[in-house]
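Chain residues, written in single-letter form:
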Amino acid sequence: TSGTAEDDNVIKIGATPDGYPQYYYENNELEGFSVDMIEAIFAEIGYEVEWVVTDWTGVLASLETGKIDTVANFAQTPEREEKYSFTEAYYYSRAALGVAKDNDTIHSLEDVKGKQVGNVTGSNYQNVLKENDPNDEIEIINYETADVIHQDVASGKVDAFVTGREILLAQIKDKGIPLQVVGEAFGEKLVSLPFAKTEENEALIAEINEAVETLRADGTFQDLSMEWFDEDVTISQDEQ
Amino acid sequence: MIKISNIKKSFNKSVVLKDISFHVTDGEVVAIIGPSGSGKSTLLRCINFLEKPDSGKIEIGDVTVDTTKTTKSEIQKLRMQTSMVFQHYNLFKNKTALENVTHSLRVTKKLNKKQADEIGRNLLDQVGLLSKADSYPISLSGGQQQRVGIARALAVGPNAILFDEPTSSLDPEWVGEVLRVISGIANKEKTMIIVTHEMKFAREVADKVIFMDDGLIVEQGTPEAVFDNPQNERTKKFLRNYQKHSSVEMDKENGKFALL
Amino acid sequence: MIKISNIKKSFNKSVVLKDISFHVTDGEVVAIIGPSGSGKSTLLRCINFLEKPDSGKIEIGDVTVDTTKTTKSEIQKLRMQTSMVFQHYNLFKNKTALENVTHSLRVTKKLNKKQADEIGRNLLDQVGLLSKADSYPISLSGGQQQRVGIARALAVGPNAILFDEPTSSLDPEWVGEVLRVISGIANKEKTMIIVTHEMKFAREVADKVIFMDDGLIVEQGTPEAVFDNPQNERTKKFLRNYQKHSSVEMDKENGKFALL
Amino acid sequence: MNFDFGYMIEIIPELIKYVPVTLYITIVSMLFAIIIGIFLALILVNRVPILLQLSKVYISFFRGTPPLVQLLIIYFGLPQLVPALNSITAATAAIIAFSLNVSAYLAEIFRAGLDSVDKGQAEAALTVGMTYPQALRGIILPQAARNAIPATGNTFLGLLKNSSLAFTIGVTELLAQGKLLATATLNFFEAYLAVALIYWGLTIIYSWLQTWYENHISKPYVRET
Amino acid sequence: MNFDFGYMIEIIPELIKYVPVTLYITIVSMLFAIIIGIFLALILVNRVPILLQLSKVYISFFRGTPPLVQLLIIYFGLPQLVPALNSITAATAAIIAFSLNVSAYLAEIFRAGLDSVDKGQAEAALTVGMTYPQALRGIILPQAARNAIPATGNTFLGLLKNSSLAFTIGVTELLAQGKLLATATLNFFEAYLAVALIYWGLTIIYSWLQTWYENHISKPYVRET
Ligand SMILES: Nc1ncnc2c1ncn2[C@@H]1O[C@H](COP(=O)(O)OP(=O)(O)OP(=O)(O)O)[C@@H](O)[C@H]1O
Ligand SMILES: Nc1ncnc2c1ncn2[C@@H]1O[C@H](COP(=O)(O)OP(=O)(O)OP(=O)(O)O)[C@@H](O)[C@H]1O
Ligand SMILES: [Mg+2]
Ligand SMILES: [Mg+2]
């Protein structure tokens, strides 16, 4: 639990490796942008990170029951804030649409109205899509994993994929995912670390917030972001 | 007409039928007697290919089968020539007594329910089981099951009927009754092969008696010839007990188990 | 000693045993005869509680059971008093002939394999099946299975043995042989109740004969009394066929099925 | 952890809307699987030459590999080979995959059921002039069914829940909807328990039917007392 | 879709390292499930008063609800009620959940197996002085086993693959490792197929053993020809 985590300076973080470059397995080690960011934060405040790898269901259940202390890559939303206390954001996720390479009909959010858009269950991207779809014209098709959506979009069974823009760009560039990103990024959300609402955790959150400030200020965040995405996702687009 | 020529059958290493040939003319009743384990049931089962003979020829009516090379349709034709009463009855467990008798009529002869039931009830009546028409085999006594088995075999009315100890579980009254039913059929010129341990029964119903021992036909002839004047030593020895049985009353004074 | 008092048993609506009382003294051999379906098997099955009687009292040796209120341990004690030969043999299908005989010795009497096998082989030898010791029931003939069943019941050597048509599948030779084996045991003062359709067999082995019809004991007495001088009309009718059977030779000249 | 009982109850109506999808996929797949399974079992029991070897490979494959993989192969792999299948819907692919998968399991169950029927039953049927198919229909299958029903029920209930794998290829059924609600609201245990209750309810209804049917077809085999 | 065959082959050795985890969870759960299943089946067949009702609820629950939910309840829910269980490892929780889940299915299979044994067998055993447990051990169970093995094999193979649910609570076994490996290359289909091949291999080995055992115990029931 978070109590013991502080005692022995080990922090248990739940993770669902969902693919390069966010986090993935290589040589039995967790790698990726999220991994580097979070390990940098906890190194700064002198904690050791213990990754607990399960599927998304397990991550949420573990957080809820205190089997882990926090979760990586968890967008901060009003509903989630009711249940958990969040740290300062360590990066800003932006959604975008991915479509088949040969698709020349969809160029923007407007073009998917009346069409089907694939989404990975539990991701926050469907929420941002809905925010941009006041008349409820987009049909969201939920999937368990992204790999199947890639195929369905590429083969035209589903029109588009809503997901993290930078992630998809990196996957297309480095791993040859048969999609292209279209239109503007939209729906910026803060990604920060959730903790159960306890007093000890409030103290920990304060510590983490300080570390986030430091790392942002000294350029560590920016370096990591450039390394993985060729752009800086650790600051809000609005500020850019 | 049934003609069996040089039938041989072994299970694994043990030879059960060694070289069996005999024939039965139309309407003839043949009784097969012989010690337990001599191969009587196996012989009947070979005749309708429930057991595949190793070699030999089987002729029933106009169907002739060389047992070393048979086709499915030949076997099916052969089986259509006979019906069988099993030593262990083998009643259809999922059918009532009546359905046991009528099911084949409905399926193979395409009779409708009314026609089949009429035949079935008539036969059940003859074997004294009309009141058990709707009972399932599990709630019938041994003798009742045996009688249903007989009615079932009689119902299909084939060329010939093979009986494997059809009265083993019957009391003297029912032995008599079943005998009458069977003889009613015998009078209709039905060919029958009856395996039995009841020598009296054999003597009464048979036109010909075949005595088997150890997979061979040791002696065959009219009941009178075989029972009253057996030629072979083995036959004599086998029938000695039967004769002793008959004369038990005389020995009775010598002590309780004098006949032994 | 076996004492059966006022046993009643129905299946659903039909009353199968109507009020059965009789007793058997130690070492006595009782034969139960009667038409098929009269309740003989059900009676035997009630005696060892394979069928729970609706009411009545059962006393065997020093165990007394009121059938309306019994405990598991009472039933177990009662069953330990008897063994049974089944009309349909009920051999253990997963055991060889030898194991069928020895299994209970090893399990209930804790004999070691050598001791049990010795007893088992000796008994199989007596019923002529030593050569089939390692065969499974499925590859035994009807009569062979029946003999294994007899050997199995004899092996446990209980107070009393219940036989349900123990010779129905046996030829005259083996009937004689089994008779000798059983009588060997009878001479050891073993109490026996034997259901049989073979009147001669009943007459030869029994000290007392019980004639059952339709769930009731119609007549009982010494074999001489019941067979030679039956009092009840039903008994007379039942035995008429038996008597006719015996006199079949005289009738033979009158035609093939004269006795009918 | 504070369990929000009210929420659990509240979402049940929302979840129940997805019961038809689940039942549709499950029941249709089961029907196909039963038909294929019977044929496979007959081939196994009668040792029909060539077909026997083919059936064994089929059964081995479909029992041997995860249904998830079978689903992916059928949904993505087949259209690569047969472009005409490209328009296959996810639900159809799921039904095909589950039918094939379950048929392999049923083949084994039916084989045991057929084996458990006393050989004397078929023999008796043949001696009164029935052909093997006739004996099968009237005598052997009804007796085999009795034996096979409990394990078939297991397979059905297993499929009822495994059908949620269809979510992988985008079919939202009962469990998927539960997951969606769970991850959206983070009332995670409540959503899963609500789903479980609905499955349990369906199972109870199914069990009633099975018990009724078992009693019905067991009548001939049960001694009256 | 371009399939990277080389990658599939390449990761097989890496995946095989996770076979022991999968087998450990599967086999240990199966053993417990068999023991519990036999007891449940005996209670069902003998209609032991009170225990019968309890068993029915138990079986209904574990067959009726998704194994995923059972796993979540045991790993996350129970420690809330019994804090001592908090230290339970994920693998142990998985084994407990699968044991209970599978035992309910096996109970049904074993019940059918017991029912398929001719009542005369038990009767004969009782008349030669055996107690019911003795009859069970020597006569009834061996005959019931023959009938129950194919469906038990189904359940085992089902469990072999369902054990991958343990990933939900953090046990990385064969399928999970396949998924994890693919996160680096995003060659998910190749990974799934590699995993499927390994499962298939395990299944083939298991099937050999089962066939051998079936032949072994079927000897008494097969007529020589
Ligand atoms: N499937 C089998 N495998 C091996 N041996 C068998 C098989 N069936 C029968 N036998 C053997 O063949 C011999 C003949 O058996 P069969 O049943 O024909 O005898 P039977 O003359 O009918 O005897 P009974 O009068 O006792 O019924 C017996 O010794 C028996 O053990
Ligand atoms: N479980 C049962 N359910 C219903 N009726 C039954 C059941 N068992 C036996 N009966 C009926 O009870 C009567 C007596 O059966 P039982 O087996 O005792 O006769 P039996 O005297 O042994 O006859 P057999 O000489 O033919 O063996 C029969 O009419 C039979 O149909
Ligand atoms: Mg015979
Ligand atoms: Mg009887």
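Residues numbered from 1 in each chain as written. Chains lettered and ligands numbered in written order. Predicted model: local features only at pLDDT ≥ 70, side-chain atom pairs only at ≥ 80, totals over all residues. Heavy atoms only, no water.

### A short note on the overall build of chain D
At step 1: When helices and strands are tallied, chain D shows nine helices and zero strands.
At step 2: Ordering the α and β elements of chain D from the N terminus gives α-α-α-α-α-α-α-α-α.
At step 3: In terms of overall dimensions, chain D has C-alpha extents of about 70 × 60 × 25 Å along its principal axes.
At step 4: In chain D, once contacts between residues fewer than 6 apart in sequence are set aside, the share between residues at least 24 apart is 78%.
At step 5: Summed over all atoms, the accessible surface of chain D reaches about 8800 Å², with 71% contributed by carbon and sulfur. (Helix = DSSP H or I, 4+ residues; strand = E, 2+ residues; numbered from the N terminus. Contact = heavy atoms within 4.5 Å. Areas by Shrake-Rupley, 256 points an atom, 1.4 Å probe, with all protein chains shown as cover.)

### Quick look at the overall build of chain A
At step 1: Broken down by element type, chain A carries nine helices and twelve strands.
At step 2: Taken over C-alpha atoms, the radius of gyration comes to 18 Å for chain A, in line with the 18 Å a tight globule of 240 residues would show.
At step 3: In chain A, which comprises 240 residues, the share counted as buried stands at 58%.
At step 4: Counted over contacts in chain A with a minimum sequence separation of 6, partners at least 24 positions apart contribute 71%.
At step 5: Treating the 16 positive side-chain charges of chain A as one cloud and the 50 negative ones as another, the clouds have centres 7 Å apart. (Rg over C-alpha atoms; globule rule 2.2 N^0.38 Å. Buried < 20%, exposed > 50% of the residue type's maximum accessible area, 1.4 Å probe, protein only. Lys, Arg positive; Asp, Glu negative; His and termini not counted. Charge placed at Lys NZ, Arg CZ, Asp CG, Glu CD.)

### Here's the deal with the packing of helix α2 (residues 33–44) of chain A against helix α8 (residues 199–217) of chain A
All names here are of chain A.
At step 1: At a closest axis distance of 9 Å, the pairing of α2 and α8 adopts a crossing angle of 110°. In terms of axis orientation, α2 runs roughly perpendicular to α8. Crossing of α2 against α8: the hand is right-handed. Where α2 abuts α8, its residues A40, I41, F42 and E44 lie against I208, A211, V212, T214 and L215.
At step 2: Residues that form the contact of α2 with α8 fall into these classes: seven nonpolar, one polar and one charged. (Axes fitted to C-alpha atoms, helices over the stretch in contact; angles between N-to-C directions. Parallel < 35°, antiparallel > 145°, perpendicular 65-115°, else oblique. Left-handed = near helix turned anticlockwise from the far one by under 90°. Nonpolar A, V, L, I, M, F, W, Y, C, P; charged D, E, K, R; others polar.)

### A few points about the site of ligand 1
At step 1: Taken together, 22 residues lie near ligand 1, and B:K40, B:S41, B:T42, C:S141 and C:G143 sit nearest.
At step 2: Ligand 1 is flanked by residues contributed from chains B, C and E.
At step 3: In isolation ligand 1 exposes 640 Å². Once the protein is present, 94% of that is buried.
At step 4: Broken down by secondary-structure element, the contributors of at least two residues to the shell around ligand 1 are α1 (40–47) of chain B together with α5 (142–155) of chain C.
At step 5: The residue makeup of the shell around ligand 1, split by class, is four nonpolar, 13 polar and five charged. (Near = heavy atom within 4 Å.)

### A closer look at unusual backbone geometry
Excluding glycine, a negative phi dihedral is what most residues carry, and trans is how most peptide bonds are arranged.
At step 1: Note that the residue after A:Y20, namely A:P21, is joined by a cis bond; omega there is 0°.
At step 2: Position of A:P21 relative to the elements: it lies in the loop between β1 (10–15) and β2 (24–26).
At step 3: Positioned with a positive phi, B:Y89 is a non-glycine residue whose angle comes to about 65°.
At step 4: Classification of B:Y89 as buried rests on a relative accessible area of 6%.
At step 5: Unlike most non-glycine residues, C:F49 shows phi in positive territory, near 65°.
At step 6: Secondary-structure assignment places C:F49 in the loop between α1 (40–47) and β4 (55–60).
At step 7: Note on C:F49: relative accessible area 5%, which makes it buried.

### Notes on the pairing of β4(C)
Residue and element names in this part refer to chain C.
At step 1: Judged from the five bridges that link them, strand β1 (residues 2–11) and β4 form a sheet pairing that is antiparallel. Residue pairing across strands places I2 opposite I60, the latter belonging to β4.
At step 2: Two successive antiparallel strands, β4 and strand β5 (residues 63–66), enclose a turn made up of two residues, where G61 displays a positive phi of approximately 55°. (Pairing = 2+ DSSP bridges.)

### A look at the packing of aromatic side chains
At step 1: For the structure on display, the rule yields 28 aromatic pairs over all chains.
At step 2: Summarising the aromatic geometry, the rings of A:F33 and A:Y91 are spaced 5.2 Å apart at their centres and angled 85° between planes, so their arrangement reads as edge-to-face. With A:F33 in helix α2 and A:Y91 in strand β7 (residues 91–100), this residue pair connects regions lying 58 residues apart in the sequence. Accessibility assignment for this pair places A:F33 and A:Y91 in one class, buried.
At step 3: Of note, B:R152 hangs over the ring of B:F92, and the distance from its end group to the ring centre comes to 4.5 Å.
At step 4: Directly above the ring of C:W174 sits C:R147, whose terminal nitrogen or CZ lies 4.2 Å from the centroid. (Phe/Tyr/Trp six-rings, centres within 6.5 Å; stacked < 30°, edge-to-face > 60°. Lys NZ or Arg CZ within 6 Å of the ring centre and 35° of its normal.)

### Quick word on the coordination of the magnesium ion (ligand 3)
Residues and elements named next belong to chain B.
At step 1: With distances of 1.9 to 2.3 Å, the protein atoms coordinating the magnesium ion (ligand 3) are S41 (OG) and Q87 (OE1). Remark: Q87 occurs in the loop between β6 (82–85) and α3 (97–108) and S41 occurs in helix α1; sequence separation between them is 46 residues.
At step 2: Looking at S41, the relative accessible area reads 19%, which means it is buried.
At step 3: Judged by relative accessible area, Q87 falls into the buried class, the value being 8%. (Donors = N, O, S within 2.8 Å, 3.2 Å for Na, K, Ca; no water.)

### Focus: the UniProt feature "domain: ABC transmembrane type-1" (unreviewed entry) in chain D
At step 1: Under the UniProt annotation, "domain: ABC transmembrane type-1" (unreviewed entry) lies at residues 19–210 of chain D.
At step 2: The span residues 19–210 of chain D is 83% helix and 0% strand, and its two end C-alpha atoms sit 20 Å from each other. (UniProt positions renumbered as here; feature names shortened; annotations may be inferred.)

### Considerations on the site of ligand 2
At step 1: In the neighbourhood of ligand 2, 22 residues make up the surrounding shell, with B:S141, B:G143, C:K40, C:S41 and C:T42 lying closest.
At step 2: More than one chain approaches ligand 2, the contributing ones being chains B, C and D.
At step 3: Contacts to ligand 2 include C:K40, whose side-chain N or O atom sits 2.7 Å from an oxygen atom.
At step 4: Separating an oxygen atom of ligand 2 from a side-chain N or O atom of C:H197 is a distance of 3.1 Å.
At step 5: Across the complex, the protein chains shield 95% of the 630 Å² of accessible surface that ligand 2 would expose by itself.
At step 6: Residue composition of the shell around ligand 2, by class: four nonpolar, 13 polar and five charged. (Polar contact = N/O pair within 3.5 Å; in protein donor to acceptor, adjacent residues only side chain to side chain.)

### Concerning the UniProt feature "transmembrane region" (unreviewed entry) in chain D
Residues and elements named next belong to chain D.
At step 1: Per the UniProt record, "transmembrane region" (unreviewed entry) is found at residues 23–45, 57–78, 84–107 and 189–209.
At step 2: Along residues 84–107 the backbone is 75% helical and 0% strand, and the end-to-end C-alpha distance reaches 30 Å.
At step 3: Summarising residues 189–209: 100% helix, 0% strand, and an end-to-end C-alpha distance of 30 Å.

### Observations concerning the nonpolar core
At step 1: Counting 224 residues, the largest nonpolar core has B:F22, B:I193, C:F22, C:I193 and D:I169 as the members making the most contacts within it.
At step 2: Setting aside residues no more than four positions away along its own chain, C:I193 makes contact with C:I2, C:F22, C:V24, C:V30, C:I32, C:L44, C:I47, C:I161, C:L162 and C:F163.
At step 3: Counting 59 residues, the second largest nonpolar core, distinct from the first, contains A:Y24, A:L109, A:L129 and A:F186. (Core = buried A, V, L, I, M, F, W, Y, C linked by side-chain atoms within 4.5 Å.)

### So, the sheet that holds strand β7 (residues 160–164) of chain C
All names here are of chain C.
At step 1: Pairing within the open sheet is mixed, and its six strands lie in the order β6-β7-β8-β3-β9-β10. Of all the strands in the sheet, the pair left with one neighbour each is β6 (82–85) and β10 (216–221). Averaged over all neighbouring strand pairs, the angle between strand axes comes to 15°, with direction disregarded.
At step 2: Looking at chain direction, strand β9 (residues 208–213) and β10 are connected through five bridges and run antiparallel. Paired with D213 across the bridge in β10 is L216.
At step 3: Running at roughly 175° to β6, α5 makes contact with β6 and β7 of the sheet.

### Focus on the relation of the copies chain E and chain D
At step 1: For the pair chain E and chain D, the superposition axis carries a translation of 0.1 Å, the fit reaches an RMSD of 0.4 Å, and the rotation angle comes to 180°. When the rotation and shift are considered jointly, the pair of chain copies conforms to a two-fold rotation axis. For chain E, the minimum C-alpha distance to the rotation axis belongs to E:A151 and amounts to 3.1 Å.
At step 2: Interface overlap between copies is the fraction of interface residues in one copy that are interface residues in the other; for chain E against chain D it reaches 100%, indicating a shared surface. (Least-squares fit on C-alpha atoms with pLDDT ≥ 70 in both.)

### Points about the arrangement of the chains
At step 1: With no contact formed, the shortest span from any C-alpha in chain A to any C-alpha in chain B equals 48 Å.
At step 2: With respect to C-alpha atoms, chain A approaches chain C no nearer than 49 Å, and the pair has no contact.

### Topic: the sheet that holds strand β5 (residues 70–71) of chain A
All names here are of chain A.
At step 1: Spatial ordering of the open sheet is given by β4-β1-β5, a layout of three strands whose pairing is parallel. Because the sheet does not close on itself, it has two edges, and the strands there are β4 (48–53) and β5.
At step 2: In the sheet, β1 pairs with β5 via two bridges, with the strands oriented parallel. Note that in β5 the partner of G14 across the bridge is V71.
At step 3: Across the sheet, α2 touches β1 and β4, and the angle it forms with β4 is around 145°.

### Looking at helix α1 (residues 5–16) of chain D
All names here are of chain D.
At step 1: Between its terminal C-alpha atoms α1 stretches 17 Å, which fits the 16 Å expected from twelve residues at 1.5 Å a residue.
At step 2: For α1, the full list of buried residues reads Y7, M8, I11, I12 and L15. Buried positions in α1, seen along its axis, are confined to an arc of 155° and lie on one side of it. Within α1, the exposed residues directed more than 90 degrees away from the buried face are E10 and P13.
At step 3: Buried-residue contacts for α1 involve α2 (19–46), α8 (174–185) and α9 (188–218). (Expected span 1.5 Å × (residues − 1). Arc of directions from axis to C-beta.)

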